[in-house]
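Structural overview
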Amino acid sequence: MTPATRQEVLGLYRKVLQIAKNWQSASGQIEETMREKEYIRNEARTLFQKNKNVTDPKLIKQCIEECEARIEIGLHYNIPYPRPIHLPPMGLAHKQGRTLRHQEKLRKISKPIYLKSHDEIS
């Protein structure tokens, strides 16, 4: 990892912790705000610890992009949790007898970048 990349990653980590510190839930309830703050800190700690030994520059860039996307979406919607994708159960399958393998491939392709790490942890 280059020093510039390291600084970028550490900056993102600090940014996430600062967001958690200043987070206010949409409902305004203190208990919910505290629960969401704790979720943000735990999610950041878990993901950054999981990826601390990543050395591939492409994978590092992908993790940085995912982090930035999750920050922007969380701030925009005021929801700390990843927004799930909503697909009908058989909405992507072809009707000409294709196997479910093709449907699973299309689902994987259609998944937003900010959900990749969330599925690995959950």
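Right, let's walk through the structure included here. (Residues numbered from 1 in each chain as written. Predicted model: local features only at pLDDT ≥ 70, side-chain atom pairs only at ≥ 80, totals over all residues. Heavy atoms only, no water.)

1. So, helix α1 (residues 3-22)
Here α1 spans 28 Å end to end across 20 residues, near enough to the 28 Å set by a 1.5 Å rise per residue. Within α1, burial applies to T5, V9, L12, V16, I19 and A20. Along the long axis of α1, the arc covered by the buried residues comes to 105 degrees, so they all point the same way. Those residues of α1 that are exposed and angled more than 90 degrees off the buried face are P3, A4, R14, K21 and N22. Buried residues in α1 make contact with α2 (30-50) and α3 (57-77). (Helix = DSSP H or I, 4+ residues; strand = E, 2+ residues; numbered from the N terminus. Expected span 1.5 Å × (residues − 1). Buried < 20%, exposed > 50% of the residue type's maximum accessible area, 1.4 Å probe, protein only. Arc of directions from axis to C-beta. Contact = heavy atoms within 4.5 Å.)

2. Description of the packing of aromatic side chains
This structure, assessed with the given rule, holds two aromatic pairs. Note on Y39 and Y81: the rings are 4.6 Å apart at their centroids and 55 degrees apart in plane angle, and the pair reads as tilted. Note that Y39 is positioned in helix α2 and Y81 in the loop between α3 and α4 (100-110), a separation of 42 residues in sequence. (Phe/Tyr/Trp six-rings, centres within 6.5 Å; stacked < 30°, edge-to-face > 60°.)

3. Some points on α2
An α-helical turn contains 3.6 residues, so any two residues separated by three or four positions project in the same direction. The terminal C-alpha atoms of α2 lie 30 Å apart, and with 21 residues this matches the ideal 30 Å at 1.5 Å per residue to within 8%. Listing the buried residues of α2 in full gives T33, E36, K37, I40, E43, A44 and L47. Along the axis of α2, the buried residues cluster in a sector spanning 130 degrees; they form a single face. Turned more than 90 degrees from where α2 packs its buried face, I30, E31 and R35 sit exposed.

4. Some thoughts on the side chain of T33
Note that T33 resides in helix α2. Looking at T33, its side chain comes within polar contact range of the side chain of S25, at 3.0 Å. With residues near it in sequence (within four places) discarded, T33 still touches W23, Q24, S25 and G28. (Polar contact = N/O pair within 3.5 Å; in protein donor to acceptor, adjacent residues only side chain to side chain.)

5. Thoughts on the state of the cysteines
With the rule as written, the count across this model stands at zero disulfides. As a non-bridged cysteine, C67 has C63 as the owner of its nearest cysteine sulfur, 9.2 Å distant. Look at C67 and you get buried, because its relative accessible area is 14%. (Disulfide = S-S within 2.5 Å.)

6. Points about the nonpolar core
The biggest cluster of nonpolar side chains holds 13 residues, and the ones touching the most others in it are L12, V16, I40, I64, C67 and I71. Residue contributions to this core peak at five residues, all from α1. Setting aside chain neighbours within four positions, we find V16 in contact with I40, A44, C67 and I71. (Core = buried A, V, L, I, M, F, W, Y, C linked by side-chain atoms within 4.5 Å.)

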